[in-house]
Structures are given as C-alpha cells and as structure tokens.
Amino acid sequence: MEGKGLDKRINIVRKDREFTADKLSELCNINATYLRQIEGGTKVPSLPVFINICNALKISPNYLLQDMLEDNEVSNIQELTNLWKNTSLYQLEIVIAMIRAVLECKKD
C-alpha cells in the first residue's frame, strides 16, 4: 500500500471491515458527506474525528499516518517489536548476543 495517503488508507480499511460510509460515519458521530470528503482527500479530519475513526475501525493511528510521519523513536521501537515477533529462538539468541556486545563497547 506504499504511497497511499490518509484518505486512501481510511477508505481501504473501512471497506476491509465491511463498513459502509454511512455506518462508519454513524460510529464516528460525523456526517457521511464529511467522511466521504475525508476519504476523497478534500478534507482533513480534526484530531477528535481522526481518533473516532481509528477507534471505530480498530486501527492504529500510526498505520493510517505512516506515509505522513517521519521515522521517530516510537516507529523504530514498533519496527523492532514486529521483527522480534517473527524470529526463531536461535535468531533471538544471536540478536541478544549482538545487542550485549554493542552495549559493552565503550567509545574512546
């Protein structure tokens, strides 16, 4: 989904959840026309509306904003967490040994 903006991601997730625009707008307590404008990219939701959309779709704000935010500490930690979940026990042992080695190194 690379290159998709907030508007497209909301639309895709809404459809994946099998919500109509009317149903999602009802859940978010906003006008369906306003939601369609958000999904069409002509309007940007306010923070409270954005939070309501995330909650209604049960989706992380990070996912919806991933193309709009620069890398930051939180996204780096989340990436490490995702990588960690998909490793074997053998790989985990190697990673732990590598981290220990790096942390034990002292700068001159």
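Thresholds, definitions, all that
Residues numbered from 1 in each chain as written. Predicted model: local features only at pLDDT ≥ 70, side-chain atom pairs only at ≥ 80, totals over all residues. Heavy atoms only, no water. Helix = DSSP H or I, 4+ residues; strand = E, 2+ residues; numbered from the N terminus. Buried < 20%, exposed > 50% of the residue type's maximum accessible area, 1.4 Å probe, protein only. Contact = heavy atoms within 4.5 Å. Core = buried A, V, L, I, M, F, W, Y, C linked by side-chain atoms within 4.5 Å. Salt bridge = Lys/Arg side-chain N within 4 Å of Asp/Glu carboxyl O. Arc of directions from axis to C-beta. Axes fitted to C-alpha atoms, helices over the stretch in contact; angles between N-to-C directions. Parallel < 35°, antiparallel > 145°, perpendicular 65-115°, else oblique. Nonpolar A, V, L, I, M, F, W, Y, C, P; charged D, E, K, R; others polar. Left-handed = near helix turned anticlockwise from the far one by under 90°.

A.B. asks: Hey, could you go over unusual backbone geometry for me, with residue numbers and the actual values?
C.D. replies: Even without being a glycine, Asn-29 presents a positive backbone phi close to 60 degrees. By the element assignment, Asn-29 lies in the loop between helix H2 (21-28) and helix H3 (32-40). With relative accessibility at 70%, the residue Asn-29 sits in the exposed group.

A.B. asks: A description of the environment of Leu-35 should follow, citing residues and the corresponding values.
C.D. replies: Checked against the element boundaries, Leu-35 lands in helix H3. Leu-35 sits 10 residues away from Pro-45 along the chain, and the two C-alpha atoms are 8.5 Å apart. Once residues within four sequence positions are removed from consideration, Leu-35 is found in contact with Arg-14, Ala-21, Leu-24, Ser-25, Ile-30 and Ile-53.

A.B. asks: Which residues make up the nonpolar core, and what are the values?
C.D. replies: Ranked by size, the top nonpolar core spans 18 residues in total, and within it Ile-10, Ile-53, Leu-57 and Leu-64 carry the most contacts. Looking at which element gives the most residues to this core, the answer is helix H4 (residues 47-57), with 6 residues.

A.B. asks: Before we move on, can you summarise the pattern of salt bridges with the specific residues and values?
C.D. replies: If you walk through the whole model with that rule in mind, you get 2 salt bridges. Between Arg-14 and Glu-39 there is a salt bridge; the shortest N-O distance is 2.6 Å. One end of the pair, Arg-14, is in helix H1 (residues 6-16); the other, Glu-39, is in helix H3, and 25 residues separate them in sequence. The pair Arg-14 / Glu-39 is uniform in exposure class, with both members buried. With its nearest N and O atoms 3.3 Å apart, the salt bridge here joins Arg-36 to Asp-22.

A.B. asks: Account for H2, with residues named and values stated.
C.D. replies: Every α-helix winds through 3.6 residues per turn, so residues three or four apart in the chain are directed the same way. Listing the buried residues of H2 in full gives Ala-21, Leu-24, Ser-25 and Cys-28. End-on view of H2: buried residues confined to an arc of 100 degrees, all on one side of the axis. Among the structural elements, H1, H3 and H4 are those in contact with the buried residues of H2. Among the residues trailing H2, Asn-29 stands out with phi positive, at a value near 60 degrees.

A.B. asks: Tell me about the packing of H1 against H3, residues and numbers included.
C.D. replies: For the pair H1 and H3, the least separation of the axes is 6 Å and the interaxial angle reads 120 degrees. Regarding the angle of H1 to H3, the classification is oblique. Note on element contacts: H3 touches H1 through Leu-35, Ile-38, Glu-39 and Gly-40, opposite Asp-7, Lys-8, Ile-10, Asn-11 and Arg-14. Among the residues making up the contact of H1 with H3, the classes are represented as 3 nonpolar, 2 polar and 4 charged.

A.B. asks: Describe the packing of H1 against H4, and please don't skip the residues or the numbers.
C.D. replies: Interhelical geometry of H1 versus H4 gives an angle of 30 degrees and a closest axis separation of 10 Å. In terms of axis orientation, H1 runs roughly parallel to H4. The hand of the H1/H4 crossing is left-handed. Residues Leu-6, Ile-10, Val-13 and Arg-14 of H1 pack against Phe-50, Ile-53 and Leu-57 of H4. A breakdown of the residues in the contact of H1 with H4 according to their chemical character gives 6 nonpolar, no polar and 1 charged.

Any link to function would need more than the numbers given here.
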